[in-house]
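Single-letter residue listing:
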Amino acid sequence: MKVTLFATCIVDMFQSDVGIATVEVLERLGCEIVFPAQQVCCGQPAYNSGYVEDAKKAMKKMIAAFEDAEVIVTPSGSCATMFKDYQHVFQDDPDWRSRAERLAEKTYELTEFIVDVLKIEDVGAKLEGIATYHPSCHMTRLLGVKDAPMKLLSHVEGLEMQPLPNAQNCCGFGGTFSVKMGNISEQMVDEKVDSVTETKASYLIGADGGCLMNIGGRMQRRGKPVKVMHIAEVLNSR
Amino acid sequence: MAMKIGNEKFKDNVNKQMEDTFMRGAVAGAQERLRTRRLDAAEELGNWEEWRSHGEEIRQHTLDHLDYYLQELSENLQKRGGHVFFAATAEEANDYVKGIVKEKRAKKILKAKSMVTEEIGLNAVLEQEGCDVIETDLGEYILQLDDHDPPSHIVTPALHKNKEQIKDVFAEKLEYKQTSEPEELALHAREKLRQEFLQADIGITGCNFAIAESGSVGLVTNEGNAGMVSDLPDTQICVMGMERIVPTFEEFEVLVGLLTRSAVGQKLTSYITALTGPRTAGEVDGPSEFHLVIVDNGRSGILGTEFQSVLQCIRCAACINVCPVYRHIGGHSYNSIYPGPIGAVLTPLLGGYDDFKELPYASTLCAACTDACPVKIPLHQLLHRHRQVIVEKEGRAPISEKMAMKAFGIGASSNPLYAAGSKVASSVMKPFTKDETISKGPGPLKAWTEIRDFPAPNKERFRDWFKQHQKESGKA
């Protein structure tokens, strides 16, 4: 299957390894990957801060960049949600709205794509150790992807999954919230780090780069020895 | 006290509240208990999503025809001998109640829990008239005794206090000499309140839902105090927000079920009361005079706008009980009697952006609130809408942020700029980078790196790797 990759700006600039893992896993599962070089950021940082008009510029760019794609896959639940929301952003603009609707229909988060479209739950990955999974808010609540990551992780050979206490609580990232309300964000991420520590896991797994950058950055600052892994990297471990 | 509970800045409030480790422990514990109970109650009922949709539909229908149902309510109540007053503002509502108090030469006024009377600051107005105003909901009673400590939650107002603190309040104000056992504390409050009930001149209640078809005021309580407040005094006043109404008892039943399950995980509360006008011939109890005060106070200004759905709220606090921000900053940080996600949406609408423009930003937009709401108010979307209004219509965002976002718009929509920026990012950040980590970042990264490390930009961007990868596999 021909898959058009929406890498996300975080992956492009800060987490190449996640992008590489995504490509390698999908290729191994028989997909042919296309990467439109015109892609930039989905616009979420500006959009969520209330700068809708500024964000629309990036959104139009993205709609155009992915217009020819048959299937779009992204290793981020939050950015996939943003793609699906474009149609509401352009609700008063019939031309862009219908282009945004077509974009939404063909957009999938990575684990959702593997489980629901490719119908694969065991990707043949192997990783020794204890891990816990942080279900990111936009992916679970807004995109509605809850089970796919757990199904995939349950088939990773050697990996023992421990439930994360209060997993449903946000990690405190929230885009610009993390710097605008830094002191509240700190308390939230600290509670998340404490919950991760409580599981005694060696790996913290997630499916959203922003949340992982937040929790990982705080764990590193606090000297916690837990390794943060994007689920694409786990699925690419052999 | 009115809706606004202090003059401190939001940031100062937050910093102060986050120091209160007891409060934070109490809130976290309560959140976990209430969340679990709500989920269990929803599961026990079954088809929760359908019930939510039904609740939403009832609320939307009622709001779309609010004028019709308020008219029906008013006519039906008047037929039963009740008086109805529409108050456009808090002042008009307070003046009307004050007028009744004067006419009756009332001294002692007993109240059942009501958020709308907190919102309009009724108690303070009546106290200025020389009245003795007594809250009879146990939580509200404790707060009132404690020199009018404001509520920190809309269902459990004294959530931020523990039993030791409550014992101290009772000891100081009521010469209480027993232990901090909740049963003993409650018994003592009951004995005190019983005397008050018997001497009350006027009873004041709020209204969970008025029922248009019968002209009734529906009340949902657990302590039975609302029954005492409405049965014993000779004059009864109900104060309701103008949107708190349902067409018939059929919808009342649905919404009460959603309310009690969402608020405290109960199938029903101990008491569900419908008050319909004054005592009529042959009835043995109830007031001889019944007044309903319907308060607008900014609500009609929300009708018909993009924020209308906030008026669907049934005040269950499910959104507050799951909010990860409220969890750490508590109710008093919001500076409003309406805290949490619902407060962050409603307060700026009723009280304006001058005092409350920070509240819509006190959220990560994690949508836990939207998920929990039994009448499907899209709370996180309304918070986002506030931000858009603040930035784009009101122009109240800081200049530095505006510039940054403008630059974002230009940078992210121009491929040459994005390409150049992302390509040099690694070398620009090199002076701040050690072991692939930035622990003291410049500019906008400063706030981030005050508490967490930031990854160094990739030396090779993903897109560069991909190009190479395509070449190696012979595809490009």
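Residues numbered from 1 in each chain as written. Chains lettered and ligands numbered in written order. Predicted model: local features only at pLDDT ≥ 70, side-chain atom pairs only at ≥ 80, totals over all residues. Heavy atoms only, no water.

Draft legend 1. Layout of the side chain of T199 of chain A. All names here are of chain A. When you line up the elements, T199 lands in the loop between α11 (182–198) and β7 (203–206). With relative accessibility at 10%, the residue T199 sits in the buried group. If we skip the residues at most four places from it in the chain, T199 touches T132, Q162, P163, L164 and P165. (Helix = DSSP H or I, 4+ residues; strand = E, 2+ residues; numbered from the N terminus. Buried < 20%, exposed > 50% of the residue type's maximum accessible area, 1.4 Å probe, protein only. Contact = heavy atoms within 4.5 Å.)

Draft legend 2. Seen up close, the sheet that holds strand β8 (residues 245–246) of chain B. Residues and elements named next belong to chain B. Strand order across the open sheet formed by four strands is β8-β5-β6-β9, with mixed pairing between neighbours. Either end of the sheet is taken by a strand with one partner, and the two such strands are β8 and β9 (271–275). As paired elements, strand β5 (residues 209–211) and strand β6 (residues 216–221) share three bridges and run antiparallel to each other. For F209, the partnering residue across the bridge sits in β6 and is G218. Across the sheet, helix α12 (residues 249–264) lies against β5, β6, β8 and β9, angled at about 165° from β5, the strand it touches most. (Pairing = 2+ DSSP bridges. Axes fitted to C-alpha atoms, helices over the stretch in contact; angles between N-to-C directions.)

Draft legend 3. Highlighting helix α7 (residues 110–117) of chain A. Along α7 of chain A, six of the eight residues are buried, which leaves the element largely enclosed by surrounding structure. Those residues of α7 of chain A that sit buried are L110, T111, E112, F113, I114 and V115 of chain A.

Draft legend 4. Expanded view of the UniProt feature "domain: Cysteine-rich" (unreviewed entry) in chain A. Residue and element names in this part refer to chain A. Within the UniProt annotation, "domain: Cysteine-rich" (unreviewed entry) is assigned to residues 3–84 and 132–215. End-to-end, the C-alpha atoms of residues 3–84 are 17 Å apart, and along that stretch the chain is 55% helix and 11% strand. The annotated region residues 132–215 carries 50% helix and 14% strand content, and the separation between its end C-alpha atoms amounts to 13 Å. (UniProt positions renumbered as here; feature names shortened; annotations may be inferred.)

Draft legend 5. Representation of the packing of aromatic side chains. Counted under the stated rule, the structure contains 21 aromatic pairs over all chains. Between F6 of chain A and F66 of chain A, the ring centres sit 5.8 Å apart and the planes meet at 65°, which makes this aromatic pair edge-to-face. Of the two residues, F6 of chain A sits in the loop between β1 (2–5) and α1 (9–13) while F66 of chain A sits in the loop between α4 (52–65) and β3 (72–74), which places them 60 residues apart along the sequence. For the pair F6 of chain A and F66 of chain A, one class covers both residues: buried. Summarising the aromatic geometry, the rings of Y141 of chain B and F170 of chain B are spaced 6.3 Å apart at their centres and angled 75° between planes, so their arrangement reads as edge-to-face. A residue pair is termed long-range when its members are at least 10 positions apart, and Y141 of chain B in helix α8 (residues 138–145) and F170 of chain B in helix α9 (residues 163–174) qualify at 29 residues. The class of Y141 of chain B is buried, set by a relative accessible area of 6%. Take F170 of chain B: its relative accessible area is 1%, and that puts it in the buried class. Clustering of aromatic rings is evident, with ring pairs tying together F6, F66, F83 and Y86 of chain A. For the cation-ring pair, R99 of chain A lies above W96 of chain A, with the distance from its terminal atom to the ring centre recorded as 4.2 Å. (Phe/Tyr/Trp six-rings, centres within 6.5 Å; stacked < 30°, edge-to-face > 60°. Lys NZ or Arg CZ within 6 Å of the ring centre and 35° of its normal.)

Draft legend 6. Representation of the sheet that holds β7 of chain A in the model. Residue and element names in this part refer to chain A. Taken together, four strands build an open sheet; the order of strands is β6-β5-β7-β8 and the sheet is parallel. Single-partner strands in this sheet number two, and they are β6 (157–162) and β8 (227–230). Strand-to-strand, the axes of this sheet are offset by a mean angle of 35°, without reference to chain direction. The pairing of strand β5 (residues 126–133) with β6 spans five bridges and is parallel. The residue of β6 that forms the bridge with A131 is M161. Packing of helix α12 (residues 209–221) onto the sheet brings it into contact with β7 and β8, and relative to β8 it is tilted by some 175°.

Draft legend 7. Just the UniProt feature "domain: Lactate utilization protein B C-terminal" (unreviewed entry) in chain B, in detail. UniProt records the feature "domain: Lactate utilization protein B C-terminal" (unreviewed entry) at residues 385–471 of chain B, using the numbering of this structure. Helix makes up 63% of residues 385–471 of chain B and strand 7%, whereas the separation of the span's terminal C-alpha atoms amounts to 46 Å.

Draft legend 8. The nonpolar core, seen in detail. Judged by nonpolar contacts, the single largest core of 130 residues is most densely connected at F83, Y86 and I184 of chain A together with V325 of chain B. The leading source of residues in this core is α12 of chain B, at eight residues. Counting residues in hydrophobic clusters, the runner-up holds 45 residues, among them V71, A148, L152 and I231 of chain A. (Core = buried A, V, L, I, M, F, W, Y, C linked by side-chain atoms within 4.5 Å.)

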